[in-house]
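Topology and contacts: notes
Take a look at the letters that make up each chain.
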Amino acid sequence: MALPNAYSQYNKYTTEKIMNASPGELTLLLYEGAIKFCNMAKMGIEHHDIQRAHKNIVKTEDIIHYLRETLDMKYPVAQHFENIYVYLERRLVEANTTKNAAILEEICTHLRSLRETWLEVMRINKGKGTV
């Protein structure tokens, strides 16, 4: 019985974390989720579990699509992110059709870089209340 209780506690913690997160923290959580699902897809390919790979690639695609759709294009930097997200979406489709783990590793590398950049933006703007 301890395992269902642990899952329930984790689920409660995760829900509270999301509900209390700032917009900047939510973006960070999205990057972390995309990295997690990309890694899980890569593991699926490595273990010849095509369904697991496909499911997690689609989850990664959904997050990238959401990040892309929520860009505020009034800021010039948004076009840069748009270009990155379009590239990542294209590579995710390629990874899914070919089940190529190397492509997923490349995508994970880009996602980690985006996460680190976002962490730096959050650090810089912490006192300004803009992220």
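Scroll up to find the structure this text is about.
Residues numbered from 1 in each chain as written. Predicted model: local features only at pLDDT ≥ 70, side-chain atom pairs only at ≥ 80, totals over all residues. Heavy atoms only, no water.

**Some details on unusual backbone geometry**
Although it is not a glycine, His 48 adopts a positive phi angle of roughly 60°. With respect to the secondary-structure elements, His 48 resides in the loop between α2 (23–46) and α3 (50–69). (Helix = DSSP H or I, 4+ residues; strand = E, 2+ residues; numbered from the N terminus.)

**Considering the packing of α3 against helix α4 (residues 77–98)**
Packing of α3 against α4 brings their axes to within 10 Å, and their N-to-C directions diverge by 165°. One element, α3, and the other, α4, form an angle in the roughly antiparallel class. Crossing of α3 over α4 shows left-handed handedness. For the pair formed by α3 and α4, the contact residues are His 54, Ile 57, Val 58, Thr 60, Glu 61, Ile 64, His 65, Leu 67 and Arg 68 on the first element and Glu 82, Tyr 85, Val 86, Leu 88, Glu 89, Leu 92, Val 93, Ala 95 and Asn 96 on the second. Here the residues of the contact of α3 with α4 sort into ten nonpolar, four polar and four charged. (Axes fitted to C-alpha atoms, helices over the stretch in contact; angles between N-to-C directions. Parallel < 35°, antiparallel > 145°, perpendicular 65-115°, else oblique. Left-handed = near helix turned anticlockwise from the far one by under 90°. Contact = heavy atoms within 4.5 Å. Nonpolar A, V, L, I, M, F, W, Y, C, P; charged D, E, K, R; others polar.)

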